[in-house]
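Residue strings, one per chain:
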Amino acid sequence: MTPVAGSIATLVAAGAMAVAALLLVPPGSGAPGQEPGRRHRGARWWVLAAVAVALLSGRLLVLAILAAVVVAAAMALLRARRERLAARATSRRVLELCESLSADLGAGQPPGAVLARAAAEWPALAPVAEAHRIGSDVPAAWRELAHMPGAEDLLVVAAAWQLAHRAGAGLADAVDRVSRDLRAAQSTRRIVDGELASARATARLVAGLPLLALAMGSGAGGDPWGFLLGQPVGLACLAAGLALGLAGLWWIEAIARGVERAA
């Protein structure tokens, strides 16, 4: 291969690597105190600078940065999965809380004692119990707690609490209606989660198929790894493949997040 062709292939590899890396830059990255858009642009400039260094330093640095991009992508996917599971657990905890509040209030227990007992079982509720104890704004405390990932349903609890306080309606009946609505919503979310799990599993399977193809090629007497890691054109193909694979996984996750928010 001529030096010109090698340079073009290296340029293509670095460009594909840049696309893959830019997909991993979260919108809020950057130095604290900066505006989100400025932080995002700053992170992208750092990625482009890394690509420029790779172009000047040759194949080994390109391979090192490609490996770093793959590791960063895997860590980002694992982190997103952990956050998703934590949010689901919190959502289930909110439903259990509403059912417990409904049962205790329906039995005639005072709201202060009910909140104190619930805060002992779930420490995150301590600000709500404290707000009721000192006579502060309890619905505002519920809304603040609803900012926790997976606890968005507490906004409905806050609305029911505020309605019961202002209109003089029965708090137990309001919380019981909220509990029934949340139970129905949880049932729908379980169905959606099952469908999304199949889509995510299919995406991961498709992303892993190239590794199977490389293994089959090596077993058949070929040298696909030598081509991908040792030749400029192979390096460009490797970078383009990684970029497309990461883009596919990112796109599936973006679609799944949109469906989860709508459910």
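Conventions used here
- Residues numbered from 1 in each chain as written.
- Predicted model: local features only at pLDDT ≥ 70, side-chain atom pairs only at ≥ 80, totals over all residues.
- Heavy atoms only, no water.
- Helix = DSSP H or I, 4+ residues; strand = E, 2+ residues; numbered from the N terminus.
- Contact = heavy atoms within 4.5 Å.
- Buried < 20%, exposed > 50% of the residue type's maximum accessible area, 1.4 Å probe, protein only.
- Arc of directions from axis to C-beta.
- Polar contact = N/O pair within 3.5 Å; in protein donor to acceptor, adjacent residues only side chain to side chain.
- Core = buried A, V, L, I, M, F, W, Y, C linked by side-chain atoms within 4.5 Å.
- Patch = residues over 30% accessible without salt bridge, like charges linked within 9 Å, V, L, I, M, F, W, Y side chains within 5 Å.
- Areas by Shrake-Rupley, 256 points an atom, 1.4 Å probe, with all protein chains shown as cover.
- Salt bridge = Lys/Arg side-chain N within 4 Å of Asp/Glu carboxyl O.
- Phe/Tyr/Trp six-rings, centres within 6.5 Å; stacked < 30°, edge-to-face > 60°.

Let us look at the overall build of the protein. Each helix and strand counted, the protein has 10 helices and 0 strands in total. Seen in sequence order, the protein has helices and strands lined up from the N terminus as α-α-α-α-α-α-α-α-α-α. Sequence separation of 24 or more characterises 60% of the internal contacts of the protein that already satisfy a separation of 6 or more.

Quick look at helix α6 (residues 138–145) now. Where α6 is concerned, the buried positions are Val138, Pro139, Ala141, Trp142 and Leu145. Seen from one end, α6 has its buried residues packed into an arc of 160°, which puts them on one side. Where α6 begins, the capping side chain belongs to Asp137, and its oxygen is found 3.3 Å from the backbone nitrogen of Ala140.

Let us look at the environment of Ser218. Mapped onto the fold, Ser218 is located in helix α8 (residues 171–219). The residues touching Ser218, leaving out its near neighbours within four places in the chain, are Pro224 and Trp225.

Okay, the nonpolar core next. Core analysis: the biggest nonpolar cluster contains 33 residues, and Leu97, Leu125, Val128, Trp142 and Leu154 have the highest contact counts within it. At the level of secondary structure, the elements contributing two or more residues to this core comprise α3 (59–106), α4 (111–121), α5 (126–133), α6, α7 (154–167) and α8. With near-sequence residues (within four places) excluded, Trp142 lies in contact with Leu97, Leu101, Leu115, Leu125, Val128, Leu154, Val157, Ala158 and Trp161. In this structure, Val62, Leu66, Leu228 and Leu235 belong to the second largest nonpolar core, which totals 7 residues.

A contiguous nonpolar surface patch, about 510 Å² in accessible area, is contributed by Leu205, Val206, Leu209, Leu212 and Met216. Checked against the element boundaries, Val206 lands in helix α8.

This brings us to the packing of aromatic side chains. Under the definition given, this model contains 2 aromatic pairs. Aromatic pair Trp142 and Trp161: ring centres 5.9 Å apart, planes at 50°, arrangement tilted. Placement of the pair is Trp142 in helix α6 and Trp161 in helix α7, with a sequence separation of 19 residues. Relative accessible area serves as the criterion here: at 8%, Trp161 is assigned to the buried category. Judged by centre distance (6.1 Å) and plane angle (40°), the ring pair of Trp250 and Trp251 falls under tilted.

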